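Residue-level structure breakdown
So the chains spell out like this:
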Amino acid sequence: MGLYLTLAAEKDGTPVFKFPRWRAKGKPIQEVVAAYKSVGAELNVLPFCTQFIPMDVIDCPKHGSIIYHPSILPRHRGASAINWTLIQGDKKAGFTIFWADDGLDTGPILLQRECDVGQNDTVDDLYNRFLFPEGVKAMVEAVHLIADGKAPRIPQPKEGATYEGIQKKENAEISWDQPAASLHNWIRGHDKVPGAWATIDSQVVTFYGSSLLDASVPTGQELAIKGASRPGLVTRNGLVIFGNDGKMVLVRNLQFEDGKMIPASKYFSADETTALELTEEEKNMAEDIKAIWKGILSNVAVIEDSTDFFKSGASSMHVVRMLEEIKQKYSGLQLQNEDVYMATKFSDFIQMAVRKFRGEDKEEELVIDYVSKNMNNMTVNMPYQCFINGQFINADDGKTYDTINPADGSVIASVSSASLADVDKAVAAAKEAFENGEWGRMNARERGRLMYRLADLMEEHQEELATIESIDSGAVYTLALKTHVGMSVQTFRYFAGWCDKIQGATIPINQARPNHNLTFTKKEPIGVCAIVIPWNYPLMMLAWKSAACLAAGNTLVLKPAQVTPLTSLKFAELSAKAGFPKGVINILPGSGGLVGQHLSEHPDVRKVGFTGSTPTGKQIMKSAATNLKKVSLELGGKSPLIIFSDCELDRAVKMGMGAVYFNKGENCIAAGRLFVEESIHDEFVSKVVEEIKKMKIGDPLDRSTDHGPQNHKAHLEKLLQYCEIGVKEGATLVYGGRQVHRPGFFMEPTVFTDVEDHMYIAQEESFGPVMVISKFKNGDVDGVLRRANSTEYGLASGVFTKDISKALYISEKLEAGTVFINTYNKTDVAAPFGGFKQSGFGKDLGKLFSPSPTSYLCRVHLIKCELQIHFLHLLHSSNYSNPLPSLQYSASMPLVQPSLYICPMLQHTEYSSPTPLRAFILQVVQSCVQITKYCQAAKVLAKIFPFPQNECYFSFLFLISKSTGKLLCLKMLSKFANSPEERFILKNLFNTSFKTSEVSSFNETLQVWTDQASQQRKTTKNVE
């Protein structure tokens, strides 16, 4: 910092002096004082104590001197203020800017600032996060206050004043008879200088990198420590030590008397590493590194294997220099500062560097601390820490929060709550993995292999994942197994198949000739993606968002919902076991307002994918504008479901209840409002209530449970308030609306009727088990459409009717991203999912890398095939002279997409007999008006029923030949005449005149032609 100030001052023309000292034998050096006074300073701004500077200098300027001190004075006067803030376990840290006097940090206070001390904060954490950046700002503010004549001089209180001197190594020994928190404070307060120590195996061992460990006692090898009443445990994560209260502290690194530092987890294996035999290339690298050491350690005549970097006079600045010089020569060798502290002797350093150069350090065992519970006839192991750069670690500030089981309100685990520093670490890891890591160099097929392997692991652990999902979100176990987990597995497999099918295109351009220029597009990943997911489908939303992201080659930082983090963290474990490189996947549990906001604003994040509320989505868009990052949003919904009187009522009741109560109503596409035609309204409501009474409400892990608890307490309270508003506004509460009297967050399935369009519950999403029913007048199709579309949302919708004409008309007019016809909640990984209006933009699932959704509205129609061909039931009970009297087609409803309803009909085995199908097809075609649409239908039929299994195809040919010119028909239909029989029939078809009413005559003629064609083929073969 002093160097930067000096350079800046010289550039600005400010005089710069460098004096070795201010005093000699206790008296000011007059030449130095005179040089200082020549500047004519009006204010001294000092970053250190006045005992080093004569009072002649302190009092010289017009405004005197102000000093920065890193504590909240009068507490912790002296040179080690930050250390003592931690050693004494202060909950608050801070700094003071005060007026200098002749005492030691005793002058009047100008201003103070404070911050919270995190559970695992170190000296560096406090300094880098708050004391330095905020201190610079505050010093500027102080100077302005002085310049404006507004700077206060507040005398320091005598009460609470403390002074602590600089700690020496001999005074830093750990006293073991104290609580774990005090042990932790002592260790972190002395980290890195002078270092808290204890005696192990008759030698002094210094402890570094401590954190409080709030978990069950891990397995490990006992290590006797002098003075400790209980042996420590060397575990996979480090050395676990115990306070006199039985609580634990985890120590990451240990340093021995000779200066060698090791991971505490390697204590018993530190000397077991076999020396590597170097190749010629590696020997040359060792000589290059030796030359770099010699350039730094100029006082050492010869660099030998036993030369210790620090004992030879090197400092932390020399560490940075050495690593940068090595990086210049060997860019593929990635070393960190800590590597030098772990291998201070030259021979050890070379061995470590060569192992890293060979990549032998990459296959480190994944270290996981679990919260384990025995439930659902299994042991469930749940990670609870942040997952950053391939490791499970505590939050940077040590903060945690409890995640609650909604079935009984009990605490499942204390989960790390990520901080801003953790966000920065995770984004940096994801960026490094994308730009320089193995993931960025991996070919697409290998990416797909990893994703398939991850899907296999998820399937292998599906029962454990479903159990975690059930206890963390309240989902009924059977639903969690089938949908939450099952569809997640399907999603990863689906997108794994897309990895090597991401293709660009060549583009013909004007300059292609004569210069032979080539223009082509290439699909490339965009970089680091931030994903923020909701709490209703924790694992499935993770899969929907992240699978496509990974398939494209991006890296990600994912923030699960604060109340449901556990399956995301279990997913992180499985991704590491599947072999995903470090940094590709990062999981940060914690606050959306903190973590999600910082991700949205982060300059290194290139896209944000969010599923959640509309207000939060709007805020994310504003934050993303900071660097114009891409955004895709799946937001709120108030999905209308229209039920007409001509529906199959029992099925409509069943599907309507699923549309509302599926997953306890915590479903983004839930039917937020039902419109029921007046003539069946009362019967529909009666049947719904009757079915609700049969539903079992209870433990989500019970296989017979139909309805589990709401996700969390705050949401339950919101739902109860929602129902109260509905009653107050005049809606009729037919059933439910209350909390179930049992432990946990259970709510009765609820039914409201007589809901008017202006009411709160008609306009706002409940996101819970609340059925909101409004009736509409019989036959008022356009009226109910207007009411259904009078919402700001456009996520999903549905219609129940036997009239296909009406169903398709309704589906075209409904303003929603997905339209369900005679079904509901039927999503699939191959079908794009998303909404428009204030339900967001962008699509999840479906074909990867389709054209930008901003250029058009993509609407998904999902039709229930069995009900779509309901009309054919009439054919089994009536004569064929007038088979479909109720089926009416008109020019206003052309055969726009034959595959939408003709193909499902023909493929259904129940209706494969040709005669009724032919009659049906004849009526369909006779009612259509566009000959090109007939050809579409004929093409569809030709694919399904090749000659001569079914006459349907020829029925189409016949009708087409009567409706258009023969040349056009010949051109369109010649494609289908692939056999001699077909060519023979086609020739006869154009030479024959039938009326469309002469169906029976045509059938007879068709049979004759078929027989003649077959006989002709046999004759030809015999002749040959």
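Residues numbered from 1 in each chain as written. Predicted model: local features only at pLDDT ≥ 70, side-chain atom pairs only at ≥ 80, totals over all residues. Heavy atoms only, no water.

Examining the overall build of the protein
Helix and strand content of the protein: 33 helices and 37 strands. Here the protein, with 1024 residues, has 51% of them falling under the buried criterion. Within the protein, residue pairs in contact and separated by at least 24 positions form 68% of the contacts whose partners lie at least 6 positions apart. For the protein, the accessible area works out to roughly 47800 Å², and carbon and sulfur atoms hold 51% of it. (Helix = DSSP H or I, 4+ residues; strand = E, 2+ residues; numbered from the N terminus. Buried < 20%, exposed > 50% of the residue type's maximum accessible area, 1.4 Å probe, protein only. Contact = heavy atoms within 4.5 Å. Areas by Shrake-Rupley, 256 points an atom, 1.4 Å probe, with all protein chains shown as cover.)

Description of helix α8 (residues 316-329)
Counting along an α-helix, one turn takes 3.6 residues, and residues three or four places apart therefore face a common direction. Along its 14 residues, α8 runs 21 Å from first to last C-alpha, staying within 8% of the 20 Å computed at 1.5 Å per residue. Turning to α8, its buried residues are V319, M322, L323 and I326. Projection of α8 onto a plane perpendicular to its axis shows the buried side chains occupying an angular sector of 95°, all on one side. α8 presents M317 and Q328 as exposed residues on the side facing more than 90 degrees away from its buried surface. The inward-facing, buried residues of α8 abut α7 (280-296), α9 (337-342) and α10 (346-358). (Expected span 1.5 Å × (residues − 1). Arc of directions from axis to C-beta.)

Some remarks on the sheet that holds strand β4 (residues 65-69)
Ordered by their spatial adjacency, 4 strands build an open sheet running β3-β4-β5-β6, and the pairing between neighbours is mixed. Looking at which strands have only one partner, the edges of the open sheet turn out to be β3 (44-46) and β6 (109-116). Adjacent strand axes in the sheet meet at a mean angle of 10°, parallel and antiparallel pairs treated alike. In terms of strand pairing, β4 meets strand β5 (residues 92-99) through 4 bridges, oriented antiparallel. Across the sheet, the residue bridging to I67 is F98, located in β5. (Pairing = 2+ DSSP bridges. Axes fitted to C-alpha atoms, helices over the stretch in contact; angles between N-to-C directions.)

Some thoughts on the packing of α7 against α8
Contact geometry of α7 with α8 gives a least axis separation of 10 Å together with a crossing angle of 145°. Both α7 and α8 take part in a crossing whose hand is right-handed. Here D288, I289, I292, W293, G295 and I296 of α7 lie close against α8, whose contacting residues are H318, R321, M322, E325, I326 and K329. Here the contact of α7 with α8 is built from residues that sort into 6 nonpolar, 2 polar and 4 charged. (Left-handed = near helix turned anticlockwise from the far one by under 90°. Nonpolar A, V, L, I, M, F, W, Y, C, P; charged D, E, K, R; others polar.)

Re a nonpolar patch on the surface
A surface patch of nonpolar side chains, amounting to about 330 Å² of accessible area, comprises Y127, F132, V136 and V140. Locating F132 in the fold gives a position in helix α5 (residues 123-147). (Patch = residues over 30% accessible without salt bridge, like charges linked within 9 Å, V, L, I, M, F, W, Y side chains within 5 Å. Salt bridge = Lys/Arg side-chain N within 4 Å of Asp/Glu carboxyl O.)

Details of the nonpolar core
M451, F492, F580, I643, L674, F684 and M771 are the most contacted members of the largest nonpolar core, which has 105 residues in total. Element by element, the count of residues in this core is highest for helix α16 (residues 538-551), at 11 residues. Those residues in contact with I643 that lie beyond four places of it in its chain are A652, L674, F675, V676, E677, I680, F684, F776 and F800. Formed by 28 residues, the second largest nonpolar core is a distinct cluster that contains V300, A314, L333 and A353. (Core = buried A, V, L, I, M, F, W, Y, C linked by side-chain atoms within 4.5 Å.)

Remarks on helix α24 (residues 781-789)
All of the buried residues along α24 are V781, G783, V784, L785, A788 and N789. For α24, the elements touching its buried residues are β27 (639-643), β28 (671-677), β31 (770-776), α25 (804-813) and β35 (836-837). You can read the cap of α24 off the contacts: a side-chain oxygen lies 3.0 Å from the backbone nitrogen of G783, and it is on D780. (Polar contact = N/O pair within 3.5 Å; in protein donor to acceptor, adjacent residues only side chain to side chain.)

A closer look at the packing of aromatic side chains
If you walk through the whole model with that rule in mind, you get 20 aromatic pairs. Between F644 and F776 the ring centres are 5.5 Å apart and the planes differ by 80°, which places this aromatic pair in the edge-to-face class. With F644 in the loop between β27 and α20 (649-661) and F776 in strand β31, the pair connects residues that are 132 residues apart, well separated along the chain. A relative accessible area of 1% places F644 in the buried class. (Phe/Tyr/Trp six-rings, centres within 6.5 Å; stacked < 30°, edge-to-face > 60°.)

Some remarks on the side chain of T753
Inspection of the secondary structure assignment puts T753 in strand β30 (residues 750-753). A relative accessible area of 5% places T753 in the buried class. Dropping the residues within four chain positions of it, T753 is found in contact with H681, V685, A731, T732, V734 and I773.

Some remarks on the pattern of salt bridges
If you walk through the whole model with that rule in mind, you get 29 salt bridges. The salt bridge involving D90 is made with R75; its shortest N-O contact spans 3.0 Å. Placement of D90 in the loop between α4 (81-87) and β5 and of R75 in the loop between β4 and α4 is noted, with a sequence separation of 15 residues between them. When its relative accessible area of 30% is taken as the criterion, R75 is described as partly exposed. For the salt bridge of D456 with R493, the shortest nitrogen-to-oxygen distance reads 2.8 Å. Of the two residues, D456 is situated in helix α13 (residues 444-460) and R493 in helix α15 (residues 477-496); the sequence distance between them amounts to 37 residues. Given the relative accessible area of 41%, D456 is considered partly exposed. Residue class for R493 comes out partly exposed when judged on its relative accessible area of 27%.

Digging into the side chain of H69
Mapped onto the secondary structure, H69 falls in strand β4. Judged by its relative accessible area of 3%, H69 is buried. Here H76 takes part through its backbone oxygen, which lies 2.9 Å from a polar atom of the side chain of H69. The residues touching H69, leaving out its near neighbours within four places in the chain, are H76, R77, G78, A81, G94, F95, T96, F98 and D105.

Some remarks on the pairing of β28
The element β28 is largely enclosed, with a buried count of 7 among its 7 residues. Here 5 bridges tie β27 to β28, and the two strands are oriented parallel to one another. Note on β28: the bridge partner recorded for L641 is L674. Where the polypeptide runs from β27 across α20 and back to β28, its parallel neighbour, the crossover connection is right-handed. Bridge count for β28 against β31 is 4 bridges, and the pairing is parallel. Residue pairing for β31: E677 is matched across the bridge by F776. (Right-handed = clockwise from strand over helix to strand, strands pointing away.)

Here we look at the packing of α13 against helix α17 (residues 566-578)
Interhelical geometry of α13 versus α17 gives an angle of 130° and a closest axis separation of 9 Å. By the angle between their directions, the pair α13 and α17 is classed as oblique. The crossing of α13 and α17 is right-handed. Note on element contacts: α17 touches α13 through F571, L574, S575, K577 and A578, opposite L450, R453, L454, L457 and M458. Its residues assigned to classes, the contact of α13 with α17 shows 7 nonpolar, 1 polar and 2 charged. (Parallel < 35°, antiparallel > 145°, perpendicular 65-115°, else oblique.)

Overview of the confidence of the model for the protein
Scored by pLDDT, the protein has a mean of 82; 80% of the residues are at 70 or more. A low-confidence stretch, residues 864-934 stays under pLDDT 50, and its non-local contacts, those more than four residues away or across chains, total 113 contacts. Under a pLDDT of 50 for its full length, residues 993-1002 has, in the predicted model, 15 contacts with residues more than four places off or in other chains. (pLDDT = per-residue confidence, 0-100.)

Examining the environment of G64
As for its position among the elements, G64 is in the loop between α3 (55-58) and β4. G64 gets classed as buried once you look at its relative accessible area, which sits at 16%. Those residues in contact with G64 that sit more than four places away from it in its chain are E42, L43, N44 and I58.

Let's talk about unusual backbone geometry
Of note, the bond from L73 into P74 is cis; its omega dihedral lies within 30 degrees of zero at 15°. Examined against the element boundaries, P74 turns out to sit in the loop between β4 and α4. The backbone phi angle of N389 is positive, close to 55°, even though this residue is not glycine. Relative to the assigned elements, N389 resides in the loop between β16 (386-388) and β17 (391-393). Accessibility expressed as a relative area gives 34% for N389, which makes it partly exposed. With a phi close to 55°, L628 is a non-glycine residue in the positive phi region. Positionally, L628 belongs in the loop between α19 (614-624) and β26 (630-634).

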